[in-house]
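Spelled out from the first residue to the last, the chains are:
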Amino acid sequence: MTDAYPSRFNRFVDTRGVCTTPVPFTTALINGLAPGGGLYVPTEIPTLTLEEILSLAKMPYAQRAAFIYKRFEIDLPEDVIDACMERSYGDNFDTPDICPITSLDETTHMLELWHGPTSAFKDMALQCLPHFFSASAKACKERGELDHDFCILVATSGDTGKAALEGFKGVEGVCIGVLFPDGGVSDIQRKQMVTTTGDNVYVWAVRGNFDDCQTSAKRVFSDAAFAETLLADHGVALSSANSINWGRLLPQVVYYISSYAELCKQGKVEPGDPIDVCVPTGNFGNILAAWYAKQMGTPIDALFCASNENRVLTDFLETGTYDIKDRAFILTPSPSMDILVSSNLERLLYQLSGTNGDAIASWMNDLSTNKAFTVDESVVSALSTQFFGASITNEECLATIRSVFEEHDYLIDPHTAVAYAATERLRRNNPVLVACTAHWAKFGNNVYKALHGLKPIDELPADVSALTGCQLNKLIADETGKHDIPAGLADLDAMTPRFSDVIDGNEASVENALVRFIASQRV
Ligand SMILES: *Cc1c(COP(=O)(O)O)cnc(C)c1O
């Protein structure tokens with residue numbers, strides 16, 4: 001079996017130097033996290049010529065994605081890759097361009113990553129990963145590496161849960177359960193989740209906050225006895241498919257390469273001329289994808305790392321010390337970037353340290369024992385030539401939404417606003433591609449505050465806060481003339497909720513709920 005398997009497919013090792021033998025793409029995808037706690041990274045980063053990059057502009061987006069995937073020597077037949085991409089990037093997006101670029105002026109190009117079914121950029125990866133996950137599980141079964149199905153378990157503070165539900169619904173060999181904090185997500189976010197269609201999905205509200213949700217999910221994942229029971233009684237293993245999975249990073253590399261081709265095609269950039277990229281960053285996944293695109297030959301010069309008031313990355317880029325010892329977790333208008341530990345940074349450090357797994361292992365050990373680590377001088381200098389950080393305050397964020405609307409008649413969400421404000425601060429001579437990560441109507445509360453000159457800490461007026469999320473969006477649309485609210489958000493009040501369970505956050509209660517759901521899947 002091993003002999004017949006072409007070794008050129010064994011392309012993935014881990015960041016902490018534990019996997020001495022590389023594994024294929026399908027194994028990396030199914031495992032998610034590598035043995036030893038590190039992240040999977042390719043042994044070689046493929047490169048594209050400028051001609052190849054420019055030629056992408058002639059293809060539909062799904063073919064661009066397939067073209068780039070094939071360069072990574074993925075151990076799936078080419079027709080399977082093509083078919084997965086057709087399903088990932090088709091009419092599930094509200095435009096055939098998938099992620100169109102709106103240029104505000106000659107040097108500011110907004111890459112709209114929110115045209116997918118949940119109106120946030122996580123769709124770009126989560127409409128794609130599930131198809132590759134399912135195909136990979138099948139391949140692993142055929143190689144005799146596993147003999148079971150999967151249940152994806154996600155604890156969400158809002159956006160990821162819905163994107164994962166939409167991505168995995170209807171996918172063969174997988175079911176998905178999502179836990180969200182009862183009362184801890186916005187009206188829009190809750191309605192998006194509890195109205196999800198599909199037979200292989202379930203959603204629970206958990207009594208407690210997001211931390212309670214996440215803690216209970218982690219406990220369930222590490223309960224070995226529970227895993228054994230699930231496997232023996234139901235033929236199912238749990239998986240998380242979270243943002244450290246290589247299968248979530250690779251789809252994001254695609255749109256940076258594709259966007260460069262697109263900018264050239266539209267005559268906004270001369271082929272070969274450099275651009276800078278600005279990304280609103282939380283877990284460091286989206287900006288890392290831009291770095292990979294640069295390594296692969298895309299003419300990207302600088303990477304602007306935009307943070308909100310949780311400025312651990314801004315400080316790290318300045319000092320080389322990543323320190324969360326005395327750092328408070330700050331609530332901001334851009335909640336999907338409220339993060340202290342940016343997991344995907346580990347992959348960049350691995351590359352910049354000259355693939356030194358021992359160094360990474362020791363830094364990550366420092367982080368978990370001392371809540372801080374300091375990288376070598378050589379890594380600091382490699383970082384300082386490519387990455388530039390800026391931290392945007394809550395007030396600046398809201399002021400930016402207002403000023404961009406007034407100056408450009410373009411409405412942005414608070415995450416995009418953080419990136420726009422950082423671009424203004426960090427801009428050099430190159431045109432900038434700004435990653436826009438959510439449609440404004442996902443965060444109507446803060447957009448309303450911004451447009452009405454309220455402070456981030458101000459309450460909404462009583463009559464406004466009495467509105468549903470959909471009604472508030474309608475009000476903003478009427479006030480601004482921006483009637484482009486995506487159907488998936490506009491119609492939520494009219495949709496029937498399918499899930500109304502509220503459960504306790506303890507391990508036993510979550511496990512019972514999961515078993516009931518999984519048993520119902522396999523009748
Ligand atoms: C997840 C998310 C981010 C942060 O992306 P990372 O890859 O974690 O850096 C930014 N904006 C929105 C709207 C998100 O949902």
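All figures in this text were calculated on a predicted structure; none of them were measured in a lab. (Residues numbered from 1 in each chain as written. Predicted model: local features only at pLDDT ≥ 70, side-chain atom pairs only at ≥ 80, totals over all residues. Heavy atoms only, no water.)

S.K.: Hey, could you go over the overall build of the protein for me, with residue numbers and the actual values?
M.R.: Helix and strand content of the protein: 23 helices and 15 strands. Against the 2.2 N^0.38 benchmark of 24 Å for 523 residues, the protein shows a C-alpha radius of gyration of 22 Å, consistent with a compact globule. In terms of its C-alpha atoms, the protein occupies a principal-axis envelope of roughly 65 × 50 × 50 Å. For the protein, with 523 residues in total, the buried portion stands at 58%. In the protein, of all internal contacts separated by at least 6 residues, the share reaching a separation of at least 24 is 74%. Carbon and sulfur atoms make up 49% of the accessible area of the protein, which totals about 20,400 Å². (Helix = DSSP H or I, 4+ residues; strand = E, 2+ residues; numbered from the N terminus. Rg over C-alpha atoms; globule rule 2.2 N^0.38 Å. Buried < 20%, exposed > 50% of the residue type's maximum accessible area, 1.4 Å probe, protein only. Contact = heavy atoms within 4.5 Å. Areas by Shrake-Rupley, 256 points an atom, 1.4 Å probe, with all protein chains shown as cover.)

S.K.: Before we move on, can you summarise helix α15 (residues 357–370) with the specific residues and values?
M.R.: Helix length check: α15 (14 residues) gives 19 Å between terminal C-alpha atoms against 20 Å at 1.5 Å per residue, within 8%. Listed as buried for α15 are G357, A359, I360, W363, M364 and L367. All buried residues of α15 lie within an arc of 160° about the axis, which places them on one face of the element. Residues D358 and T369 are exposed on α15 and point more than 90 degrees away from its buried face. Buried positions along α15 lie against β11 (321–323), α14 (345–352), β12 (372–374) and α16 (377–386). Once α15 ends, the next one or two residues include K371, with phi positive near 60°. (Expected span 1.5 Å × (residues − 1). Arc of directions from axis to C-beta.)

S.K.: For the sheet that holds strand β5 (residues 149–155), give the residues involved together with the corresponding values.
M.R.: Across the sheet, which stays open at both edges, the 5 strands sit in the order β8-β5-β6-β7-β15 with parallel pairing between neighbours. Each of the sheet's edge strands pairs with one partner strand only, and the pair in question is β8 (236–239) and β15 (502–503). In the sheet, β5 pairs with β8 via 4 bridges, with the strands oriented parallel. Residue pairing for β8: D149 is matched across the bridge by V236. Those strands touched by helix α6 (residues 129–142) are β5, β6 (174–181) and β8, and its axis lies near 140° from that of β5. Where helix α9 (residues 210–221) meets the sheet, its contacts fall on β5, β6, β7 (201–206) and β8, and the angle it forms with β5 comes to roughly 155°. (Pairing = 2+ DSSP bridges. Axes fitted to C-alpha atoms, helices over the stretch in contact; angles between N-to-C directions.)

S.K.: Quick one: what's the story with the packing of α9 against helix α23 (residues 507–521), residue by residue and with numbers?
M.R.: Across the interface, α9 lies against α23 with an axial gap of 9 Å and an inter-helix angle of 70°. With respect to α23, the axis of α9 lies roughly perpendicular. As for the relative orientation of α9 and α23, their crossing is right-handed in sense. Across from S216, R219 and V220 in α9, the residues of α23 making contact are E507, V510, E511 and L514. (Parallel < 35°, antiparallel > 145°, perpendicular 65-115°, else oblique. Left-handed = near helix turned anticlockwise from the far one by under 90°.)

Interpretation in functional terms is not warranted from these geometric data alone.
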